[in-house]
Amino acid sequence: MTNVSKWMSWEGGIDLVAVTSPDIQMPNLIVHLGRMVNTPVGNAPSGMILWQPDPNAMPAVMGFVSTNAEVGRYFGPNIFAGTPFEQAPVLNATIDIDITADKAVSKCVVGDFIFEVEMSGFSDPYLISREPAAMPPFHQQGVEIHAKDVVLKINGEVINMIIPPVGITGGPASVVSPNGVYAR
């Protein structure tokens, strides 16, 4: 029997994966945040941001975001090992998330960027249990709520985006996740 030694859990998650043009193959926009993320090294509001407005250039913002650098440094080598995110930098950020029955709103300030996501049009909550794959390479369990209506603002500007039916975690690309766990 293998012991689980690499894990993270969260409460108050907001996850968005999108492209800003139909001819882009890989997501150029990821906002993956938790109001509180728990790890073996500590707890803090944390997540991951990818914003690559020009898919032929380096991302404007890419990395793990957290209010605690030690927690942020945990994600790459422990949870995302073997993926393009394994060596992602850790970026200091502020993260605010408010989830009600009708709406979920997040605001993440990182560097000179403000990412604001508003989700609504919720499905009923459902349980997930996903096995590891090439991406993502970890077990996932938790509760998700598919958000059918999503608005993203970056620095106050509404971003036109296409949300694919399936995101990088294997479920819908726009969800509220009241709680969950990733484990390796």
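Residues numbered from 1 in each chain as written. Predicted model: local features only at pLDDT ≥ 70, side-chain atom pairs only at ≥ 80, totals over all residues. Heavy atoms only, no water.

Enquirer: Help me out: how do you make sense of the overall build of the chain in this one?
Expert: Counting secondary structure elements, the chain contains one helix and eleven strands. Put simply, the chain runs from its N terminus to its C terminus through helices and strands in the order β-β-β-β-α-β-β-β-β-β-β-β. Taking 16 Å as the expected radius of gyration for a compact globule of 184 residues, we find that the chain reaches 15 Å, a close match to that expectation. Long-range pairs, those at least 24 residues apart, make up 59% of the contacts in the chain between residues at least 6 apart in sequence. A total accessible area of about 9,000 Å² is found for the chain, and carbon and sulfur atoms account for 54% of it. Of the side-chain charges in the chain, 9 are positive and 17 negative, and the distance between the mean point of each set is 5 Å. (Helix = DSSP H or I, 4+ residues; strand = E, 2+ residues; numbered from the N terminus. Rg over C-alpha atoms; globule rule 2.2 N^0.38 Å. Contact = heavy atoms within 4.5 Å. Areas by Shrake-Rupley, 256 points an atom, 1.4 Å probe, with all protein chains shown as cover. Lys, Arg positive; Asp, Glu negative; His and termini not counted. Charge placed at Lys NZ, Arg CZ, Asp CG, Glu CD.)

Enquirer: What's the story with the pattern of salt bridges in this structure? I'm lost.
Expert: Tallied over the entire structure, the rule returns two salt bridges. A salt bridge links R35 to E11; the shortest N-O distance between them is 2.8 Å. Of this pair, R35 sits in strand 2 (residues 29-39) while E11 is found in strand 1 (residues 7-18), placing the two residues 24 residues apart along the sequence. On the accessibility criterion, R35 (29% relative accessible area) is partly exposed. For E144, the salt bridge is made with R130, and the minimal N-O distance between the two is 3.0 Å. Here R130 lies in strand 8 (residues 126-130) and E144 lies in strand 9 (residues 139-154), a separation of 14 residues in the sequence. The residues E144 and R130 share a single accessibility class, namely buried. (Salt bridge = Lys/Arg side-chain N within 4 Å of Asp/Glu carboxyl O. Buried < 20%, exposed > 50% of the residue type's maximum accessible area, 1.4 Å probe, protein only.)

Enquirer: What am I meant to see in the packing of aromatic side chains here?
Expert: For any pair of aromatic rings, geometry is given as the distance between the ring centres together with the angle between the planes. For the structure shown, the criterion picks out seven aromatic pairs. Considering the side-chain rings of F64 and F75, the 5.6 Å spacing of their centres and the 45 degrees angle between planes classify their relative orientation as tilted. Highlighted residues: F64 in strand 4 (residues 61-66) and F75 in helix 1 (residues 69-78), separated in sequence by eleven residues. Considered together, F64 and F75 belong to a single accessibility category, that of buried residues. Each ring, one from F80 and one from F138, has its centre 5.4 Å from the other, and the planes form 80 degrees; the classification is edge-to-face. Of this pair, F80 sits in the loop between helix 1 and strand 5 (90-99) while F138 is found in the loop between strand 8 and strand 9, placing the two residues 58 residues apart along the sequence. Through pairs of rings, three or more aromatic residues link up here, namely W10, F64, F75, F80, F85, F138 and Y182. (Phe/Tyr/Trp six-rings, centres within 6.5 Å; stacked < 30°, edge-to-face > 60°.)

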